[in-house]
Amino acid sequence: MKMAVSVLQFLIFPGFLFTAAIGLLASWIDRKVTARVQYRVGPPWYQPLADIVKLLGKETLMPAGSSQLLFFTAPLIGLAGVTLVSMILWLSNLDPAGGFIGDIIVVLYLLTLPALSLILGGFASNNSYASLGASREMKLVLSYELPFILALAVPIIKSGGILTIGGILNYQAANGIVVGSFSGSIALIVAILCMQAKLGLVPFDVSEAETELMGGPIIEYSGGPLAVFKLTKAMLLFTMPMFLIVAFMGGISVSGLSLLWGILKYVALLVVIVLIRNTNPRLRIDQALRFFWGRVTVLAVIGVVLALFGL
Amino acid sequence: MSVKIKALTKSLWVFHLSTASCNNCDIEILDLLTPRHDVERFGILLVGSIRHADVLLVTGILNKQCKPIVKKMYDQMPKPGFVIAVGTCTAGRGMFSNTYMVDEAEPLDKVLPVDAYIPGCPPKPEAIIDGIVKLVKAKGK
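## Here we look at the sheet that holds strand β5 (residues 116-118) of chain B
All names here are of chain B.
Then, number 1: The 5 strands lie next to each other as β2-β1-β3-β4-β5, forming an open sheet whose pairing is parallel. In this open sheet, the two strands that pair with only one neighbour each are β2 (45-46) and β5.
Then, number 2: In this fold helix α2 (residues 24-31) packs onto β1 (13-18), β3 (55-59) and β4 (82-86), with an angle of close to 140° to the strand it touches most, β3.
Then, number 3: Helix α6 (residues 125-140) rests against β4 and β5 of the sheet, and its axis sits at about 165° to β5.

## Here we look at the packing of helix α2 (residues 16-37) of chain A against helix α3 (residues 47-56) of chain A
Residues and elements named next belong to chain A.
Then, number 1: Following both chains from N to C, one finds α2 and α3 inclined at 115°, their axes separated by 8 Å at the closest point. Contacts between α2 and α3 involve Leu 24, Ser 27, Trp 28 and Arg 31 from the first element and Gln 47, Pro 48 and Leu 49 from the second.
Then, number 2: Partitioned by chemical class, the residues of the contact of α2 with α3 number 4 nonpolar, 2 polar and 1 charged.

## Some points on the environment of A:Glu210
Then, number 1: Along the chain, A:Glu210 falls in the loop between α9 (182-198) and α10 (223-248).
Then, number 2: Those residues in contact with A:Glu210 that lie beyond four places of it in its chain are A:Gly215 and B:Gly48.

## Details of helix α7 (residues 128-158) of chain A
Residue and element names in this part refer to chain A.
Then, number 1: Over its 31 residues, α7 runs 46 Å from end to end, which matches the ideal 45 Å to within 8%, given 1.5 Å per residue.
Then, number 2: The axis of α7 is deflected most strongly, by about 30°, at Glu 145, and proline Pro 147 appears within four residues downstream.
Then, number 3: Backbone geometry just after α7 places Gly 160 at a positive phi near 80°.

## Some thoughts on the confidence of the model for chain B
Then, number 1: For chain B, the mean per-residue pLDDT works out to 86, and 99% of the residues sit at or above 70.
Then, number 2: Across the interfaces of the predicted complex, the ipTM metric reaches 0.86, alongside a pTM of 0.90.

## Examining the pairing of β4(B)
All names here are of chain B.
Then, number 1: The element β4 is largely enclosed, with a buried count of 5 among its 5 residues.
Then, number 2: Burial of β4 is two-sided: the residues Phe 82, Ile 84 and Val 86 facing one way and the residues Val 83 and Ala 85 facing the other way are all buried.
Then, number 3: Bridge count for β3 against β4 is 5 bridges, and the pairing is parallel. Considered in β4, the bridge of Val 58 is made with Ala 85.
Then, number 4: In this fold, β3 hands off to helix α3 (residues 67-76), which returns the chain to β4; that crossover is right-handed.
Then, number 5: Pairing geometry for β4 and β5, over 3 bridges, is parallel. Residue pairing across strands places Ala 85 opposite Tyr 117, the latter belonging to β5.

## Focus: the nonpolar core
It is characteristic of soluble globular proteins that their nonpolar side chains tend to be buried jointly.
Then, number 1: One finds A:Ala151, A:Ala191 and A:Leu244 to be the most contacted residues of the largest nonpolar core, which totals 94 residues.
Then, number 2: Top element by residues in this core is α10(A). It accounts for 18 residues.
Then, number 3: Once residues within four sequence positions are removed from consideration, A:Ala191 is found in contact with A:Phe148, A:Ala151, A:Leu244 and A:Phe248.
Then, number 4: The next biggest cluster of nonpolar side chains, apart from the first, holds 32 residues, and it includes B:Phe15, B:Ala53, B:Leu57 and B:Val102.

## A look at unusual backbone geometry
Then, number 1: Here the amide bond leading from B:Lys79 into B:Pro80 is cis, since omega sits at 0°, within 30 degrees of zero.
Then, number 2: The topology assignment puts B:Pro80 in the loop between α3 and β4.
Then, number 3: Here A:Asn126, not a glycine, exhibits a phi torsion of approximately 55°, which is positive.
Then, number 4: Looking at where A:Asn126 falls in the secondary structure, it is placed in the loop between α6 (113-124) and α7.
Then, number 5: The phi angle at B:Ala20 is positive, at roughly 55°, despite the residue not being glycine.
Then, number 6: Relative to the helices and strands, B:Ala20 is located in the loop between β1 and α2.

## Looking at the packing of α9(A) against helix α12 (residues 285-308) of chain A
Residue and element names in this part refer to chain A.
Then, number 1: At their nearest, the axes of α9 and α12 sit 8 Å apart, and the two run at 150° to each other. It follows from the interaxial angle that α9 and α12 lie roughly antiparallel. Where α9 crosses over α12, the two elements pack in a sense that is left-handed. Contacts from Phe 182, Ser 183, Ile 186, Ala 187, Val 190 and Leu 193 of α9 reach α12 at Val 296, Leu 299, Ala 300, Ile 302, Gly 303, Leu 306 and Ala 307.
Then, number 2: Within the contact of α9 with α12, the residues separate by chemical class into 11 nonpolar, 2 polar and no charged.

The rules we used
Residues numbered from 1 in each chain as written. Chains lettered and ligands numbered in written order. Predicted model: local features only at pLDDT ≥ 70, side-chain atom pairs only at ≥ 80, totals over all residues. Pairing = 2+ DSSP bridges. Helix = DSSP H or I, 4+ residues; strand = E, 2+ residues; numbered from the N terminus. Contact = placed C-beta atoms within 7 Å. Axes fitted to C-alpha atoms, helices over the stretch in contact; angles between N-to-C directions. Nonpolar A, V, L, I, M, F, W, Y, C, P; charged D, E, K, R; others polar. Expected span 1.5 Å × (residues − 1). Bend = angle between axes of the 7 residues up to and from the residue. pLDDT = per-residue confidence, 0-100. Buried ≥ 20, exposed ≤ 12 C-beta atoms within 10 Å, placed from the backbone. Right-handed = clockwise from strand over helix to strand, strands pointing away. Core = buried A, V, L, I, M, F, W, Y, C linked by C-beta atoms within 7 Å. Parallel < 35°, antiparallel > 145°, perpendicular 65-115°, else oblique. Left-handed = near helix turned anticlockwise from the far one by under 90°.

Shown next as structure tokens:
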């Protein structure tokens with residue numbers, strides 16, 4: 001019985017179907033706002049869904065000389081990872097006492113799976129552009145993980161070293177949200193920058209780089225696997241801001257009017273993402289690495305030290 | 001109408017292939033993405049990889065060097081997909097019909113199954129949009 005409930009949770013409510021629906025809507029908002037920023041009209045609301053359905057109905061081509069098993073399983077790894085993250089986050093968000101010890105560390109690990117799936121898929125597809133994109137993605141993961149973990153250390157330190165998402169939510173419900181403090185707001189800025197890189201959006205879209213690598217790791221993908229990659233990206237656009245909301249802004253309360261307040265937090269983060277994306281040029285991979293290991297890490301360390309002093 | 005074709009006509013991703021064109025048609029095609037014409041409102045995007053594409057948009061006279069490449073590109077496009085020929089050159093070679101560098105027996109529609117021709121030298125962006133809308137309507141029936 002418990003097993004069946006978990007499977008249903010994975011497939012329908014906090015898991016796959018729910019995250020996919022909100023993620024596709026969010027990626028429409030992303031495209032529409034981008035279009036409006038550029039004085040264009042932009043696509044209709046069902047556009048991301050139409051893209052996915054179309055890709056599922058198309059032929060899947062297999063590049064010659066690629067590793068077949070890895071080529072087809074790589075997209076699924078990322079999809080499973082992001083679904084699981086969304087499920088853990090929402091279950092903790094709905095019932096803060098329901099998590100397990102160390103679930104925030106599990107979420108941190110699972111959030112690297114979409115990037116890992118891009119790397120594996122890129123190297124499996126036997127294409128020089130894909131390999132180049134995959135190696136850039138690998139460097140990008142190395143560069144943003146350090147400041148991201150440091151930024152997440154701030155809410156953990158503030159809540160007294162509790163390693164559960166539910167514990168951090170309970171602390172914020174009792175003592176005010178983490179971003180309200182000085183160290184918390186510094187950590188949120190760092191986390192937003194890392195989120196931009198995790199989502200693979202401008203200025204950190206070095207691995208996909210439409211204009212120089214023609215899609216990077218996903219260049220050889222077509223049909224169903226490409227749809228899975230696009231869906232993973234859309235779902236990540238919902239899950240990553242949700243993670244930051246849970247860690248820094250006290251989560252989304254689903255009772256009555258406070259749900260609107262929660263939606264407002266998400267939309268605010270989404271708009272920040274879209275505006276950063278639309279007002280910046282693409283960085284080179286060495287510039288991105290220097291940026292993350294230099295200024296951003298220094299900022300994150302300052303945040304952690306301030307949090308240790310209780311600011 | 002099947003869901004597959006309906007979704008395809010709602011989200012055409014275009015791969016743009018120039019086969020020895022004078023670049024006028026290519027500039028008119030890029031005009032389609034600008035705020036004035038904005039084809040993204042029909043779900044049309046320009047993609048960089050032929051494996052993501054649903055439409056092979058061909059411009060130019062198709063000279064002998066480009067012919068095998070065009071065939072290869074069409075084979076690499078996942079089906080179902082469309083081929084659109086933009087410009088007078090692609091449809092009937094125009095003023096280049098007697099040059100030595102084209103294979104006179106094989107214009108584009110002998111090499112690939114062309115779904116829509118958009119004549120003009122170069123065709124206006126409005127004409128290209130009109131052609132695509134007509135193609136979508138014809139295929140969506």
